[in-house]
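# Overview (structure and organization)
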Amino acid sequence: MDEADFPLHVESIAVHAGRAVDPATGAVIAPLHFSMTFERAADGSFPSGFSYSRSNNPNRAALESALALLEGGAVAAAFGSGMAAASAIFQALAPNDHVIAPLEAYHGVLRLLRDLFARWQLAVDFVDMTDLAAVEGAVRSSTKLIWVETPSNPTLRLTDIAAVAAIAHHAGAQLACDNTWSPILQRPFALGADLVMHSTTKYFGGHSDVLGGAVVAREANEFFQRVREVQTLGGAVPAPFDCWLIHRGMQTLPWRIRAHSANALRVAEFLASHARVERVHYPGLEAHPQHDLALRQMNRFGGMLAFELRGDRAEALALPNELKIFTRATSLGGVESLIEHRQSIEGPETKTPANLLRLSIGLEHPDDLIADLARTLAS
Ligand SMILES: *Cc1c(COP(=O)(O)O)cnc(C)c1O
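## So, a nonpolar patch on the surface
Side chains of V21, V28 and I29 sit close together on the surface and give an oily, nonpolar patch of about 290 Å² of accessible area. Along the chain, V21 turns up in the loop between helix 1 (10-16) and helix 2 (58-71).

In structure tokens form, the structure reads like this:
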């Protein structure tokens, strides 16, 4: 896309970012470049700007420029998974740097900090991010990064991104936001975040058929250069076809996320009214303890929700077996609806309630999803 001389809406950016008609063939859709090496000129230079596919390649470069434009950052680095992207941010820190992380977040990221980066002398404190005084109290002179994920996995607690960004910047630290659950729905850079991380496996890919991750930075600064070094030297890079799929998925992301959000709100309202449901965790419900913050910080409330069944662990584990449309599977962000008993997958340290089921609401008709749940809850 050539730089438009008028401001574009996010839907238009999603369709056109990182794309141009192929000058060699006129192809409207970008070709897939499998070549892992690129010819040098007679003087030894690389006229295309590409030399070796781990360092960069046309499909990754196109995806990265699109990710940066869509998120409103300056630069982006694409990775082979969300975990590789998160790792790159932690690897760009130095030993003895202090990180403040949430008590509740994607369990893989928490384990990464607790089990892997602790061995590399990263100092980490886990705090309740809904308690700003606790966040402020955890700051040390060595604090270099605050990590937030909002809404959080799996009970959809919200973090006030602007408030935590102010705490981070006052401490001379950066704020990183795992925005996997809320692309388009919230704009972390506009709220003061310095880094945005995505598992593009989820809503960007959008069809449950590709793994990927991204780090987007507000500024192309020295810290981002270290992330780039981890990417190209560390080598946890996505294959060209994976970049192509994620870039394709991104084109429909703004419209899909609207439909996911509308469907999830309908399902959340239905569950909240049901006698067999003890509690629904969804920021779009007025009963959510941080609904006001959700209205301030998000333009819609996303496709993820969780509910607690009136019943025990066995009943919560059994309920998905009766559903016809929802599939029992982990992950999220695809067109198909998924249901998952989180506690049984999160390992021994989990604080997730035993009666909690997490739903990734897909793009089926909401009446069908509600009918499926209604029939199952009545049986
Ligand atoms: C899935 C997920 C990750 C990890 O991403 P992968 O692509 O599975 O490596 C990180 N954070 C959140 C919030 C996620 O949902």
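That shown, we press on.
## Some points on unusual backbone geometry
Cis geometry is adopted by the peptide bond preceding P151, which originates at T150 and carries an omega value of -5°. Counting through the fold element by element, P151 comes out in the loop between strand 4 (143-149) and helix 6 (161-170). Here the amide bond leading from N153 into P154 is cis, since omega sits at 5°, within 30 degrees of zero. In this fold, P154 is placed in the loop between strand 4 and helix 6. A positive phi angle is found at N96, which is not glycine, with a value near 75°. In this structure, N96 sits in the loop between helix 3 (82-91) and strand 2 (98-102). Not every positive phi belongs to a glycine, and I184 is a case in point at roughly 70°. Its location among the elements puts I184 in the loop between strand 5 (174-178) and strand 6 (195-199). On the accessibility criterion, I184 (11% relative accessible area) is buried.

## What to know about the site of the ligand
What surrounds the ligand is a group of 14 residues, the closest being M83, D178, S199, T201 and K202. Between the ligand and the protein, one listed contact pairs an oxygen atom with a side-chain N or O atom of W181 at 3.4 Å. Computed on the free molecule, the ligand has an accessible area of 380 Å², of which 93% lies beneath the protein chains in the complex. Counting residues per element, the ones that place at least two in the shell around the ligand are helix 3 and strand 6. In terms of residue class, the shell around the ligand is made up of five nonpolar, six polar and three charged.

## Some words on the packing of aromatic side chains
Inspection of every chain in the model, using the stated rule, returns four aromatic pairs. Here the aromatic rings of F38 and F50 are separated by 5.5 Å at their centres, their planes lie at 40°, and the arrangement is tilted. With F38 in the loop between helix 1 and helix 2 and F50 in the loop between helix 1 and helix 2, this residue pair connects regions lying 12 residues apart in the sequence. For the pair shown, F38 and F50 are each scored as buried. When the ring of F90 is compared with that of W147, the centres are 5.0 Å apart and the planes differ by 45°; the resulting orientation is tilted. With a gap of 57 residues between them, F90 in helix 3 and W147 in strand 4 connect regions that are remote in the sequence. Given a relative accessible area of 1%, F90 falls into the buried group. Above the ring of F126, the side-chain terminus of R114 is found at 5.6 Å from the ring centroid. In this structure, K202 is placed above the aromatic ring of Y106, and the distance from its NZ or CZ to the ring centre is 5.3 Å.

## Thoughts on the domain arrangement of the chain
Looking at the assigned domains, one finds that the chain contains domain 1 (10-250) and domain 2 (253-378). Taken over C-alpha atoms, the centre of domain 1 sits 26 Å from the centre of domain 2. Taken together, the contacts link 34 residues of domain 1 with 38 residues of domain 2. Carbon and sulfur atoms supply 60% of the area that domain 1 and domain 2 bury against each other, a total of about 3000 Å² over both sides. Looking at the side of domain 1 facing domain 2, the largest losses of area belong to L158, L185 and Y203, adding up to 26% of the total buried there.

Conventions used here
- Residue positions within a chain follow its written sequence, with the count starting from 1.
- Predicted model: local features are reported for residues with pLDDT of at least 70 only, side-chain atom pairs are reported and counted for 80 or more only, and whole-chain, interface and lining totals are derived from all residues.
- Calculation of side-chain values draws on the structure's entire complement of heavy atoms; hydrogens and water are dropped beforehand.
- The residues that make up patches have over 30% relative accessible area and no salt bridge, and they are joined within 9 Å when like-charged or within 5 Å when they are Val, Leu, Ile, Met, Phe, Trp or Tyr.
- Surface exposure here means Shrake-Rupley accessible area, sampled with a 1.4 Å probe, where a residue is shielded only by the protein chains that are shown.
- One side-chain nitrogen of Lys or Arg within 4 Å of one carboxyl oxygen of Asp or Glu is enough to make a salt bridge.
- Runs of E in the DSSP output that reach at least two residues are strands. Runs of H or I that reach at least four are helices, and both are numbered from the N terminus.
- Think of it in three bands: residues with accessible area under 20% of the maximum for their type are buried, residues over 50% are exposed, and the middle band is partly exposed, with areas taken using a 1.4 Å probe on protein chains only.
- Proximity is defined per residue: any heavy atom of the residue falling within 4 Å of a molecule or strand makes that residue near it.
- Each polar contact in these results corresponds to two N or O atoms within 3.5 Å; when the atoms are within protein, one needs to be able to donate a hydrogen and the other to accept it, and residues that are neighboring in sequence are counted only if both atoms are side-chain atoms.
- As a working rule, the residues Ala, Val, Leu, Ile, Met, Phe, Trp, Tyr, Cys and Pro are called nonpolar, Asp, Glu, Lys and Arg charged, and the rest polar, with Gly in that last group.
- We call Phe, Tyr and Trp rings a pair once their centres come within 6.5 Å, taking the six-membered ring for Trp, and we label the pair stacked below 30 degrees between planes, edge-to-face above 60, and tilted otherwise.
- Two conditions define a charge sitting above a ring: the NZ of Lys or the CZ of Arg must be within 6 Å of the ring centre, and it must be within 35 degrees of the ring normal.
- An automatic or database domain assignment supplies the start and end points of every domain.
- Residues are treated as being in contact if the distance between any of their heavy atoms lies within 4.5 Å.
- Once two parts are joined, some of their accessible surface, as seen by a 1.4 Å probe, is lost; buried area is that loss totalled over both.

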